[in-house]
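Chain residues, written in single-letter form:
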Amino acid sequence: MEAVDKGFDERWRRYPKPQATTAGIFENKTGFTREMLEGKTVLDAGCGCGRFLAVAQSMGARVVGVDGSPNAIKAASE
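This is a predicted model, so every value here is computed, not measured. (Residues numbered from 1 in each chain as written. Predicted model: local features only at pLDDT ≥ 70, side-chain atom pairs only at ≥ 80, totals over all residues. Heavy atoms only, no water.)

1. So, the pairing of strand β1 (residues 41-45)
- Alternating positions in β1 separate cleanly, V42 and D44 being buried on one face and T41, L43 and A45 remaining unburied on the opposite face.
- Read as a crossover between parallel neighbours, the route from β1 over helix α4 (residues 51-58) to strand β2 (residues 62-66) is right-handed. (Buried < 20%, exposed > 50% of the residue type's maximum accessible area, 1.4 Å probe, protein only. Helix = DSSP H or I, 4+ residues; strand = E, 2+ residues; numbered from the N terminus. Right-handed = clockwise from strand over helix to strand, strands pointing away.)

2. Here we look at the pattern of salt bridges
- Applying the stated criterion across every chain, the model contains 1 salt bridge.
- Between R14 and E10 there is a salt bridge whose closest N-O contact spans 3.0 Å. Placement of both R14 and E10 in helix α1 (residues 2-14) is noted, with a separation of 4 residues, approximately one turn of the helix.
- The exposure class assigned to E10 is partly exposed, which follows from its relative accessible area of 28%. (Salt bridge = Lys/Arg side-chain N within 4 Å of Asp/Glu carboxyl O.)

3. Looking at the confidence of the model for the protein
- Residue-level pLDDT values for the protein average 85, and 91% of them are 70 or greater.
- At the level of individual helices and strands, the protein shows its lowest average pLDDT in α1, which scores 72, and its highest in helix α3 (residues 34-37), which scores 96. (pLDDT = per-residue confidence, 0-100.)

4. Some remarks on the side chain of D67
- Note on placement: D67 falls in the loop between β2 and α5 (70-77).
- Despite its burial, D67 pairs with no opposite charge; the closest candidate is R51, at 10 Å N-O.
- A polar contact is formed between the side chain of D67 and the backbone nitrogen of C47, at a distance of 3.3 Å.
- For D67, the side chain forms a polar contact with the main-chain nitrogen of G48, separated by 2.7 Å.
- Excluding anything up to four places from it in sequence, D67 contacts G46, C47, G48, A72 and I73. (Lys, Arg positive; Asp, Glu negative; His and termini not counted. Polar contact = N/O pair within 3.5 Å; in protein donor to acceptor, adjacent residues only side chain to side chain. Contact = heavy atoms within 4.5 Å.)

As structure tokens, then:
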């Protein structure tokens, strides 16, 4: 598992710019709608830069993101 973690961290170091995500992309990929998320708490384990968390939050969810890559966390904070 350590090799996978290092690989993701290296990708985040090389390509730190997060991809843009819209509510439509989020709903298409996750199946979650505003009505399903509003007032709920969402945990995204392996959240990377947090792009899906930002959309979930805009839909009224409380969000918590966790990622094992220091470079992904750095991208998220920027």
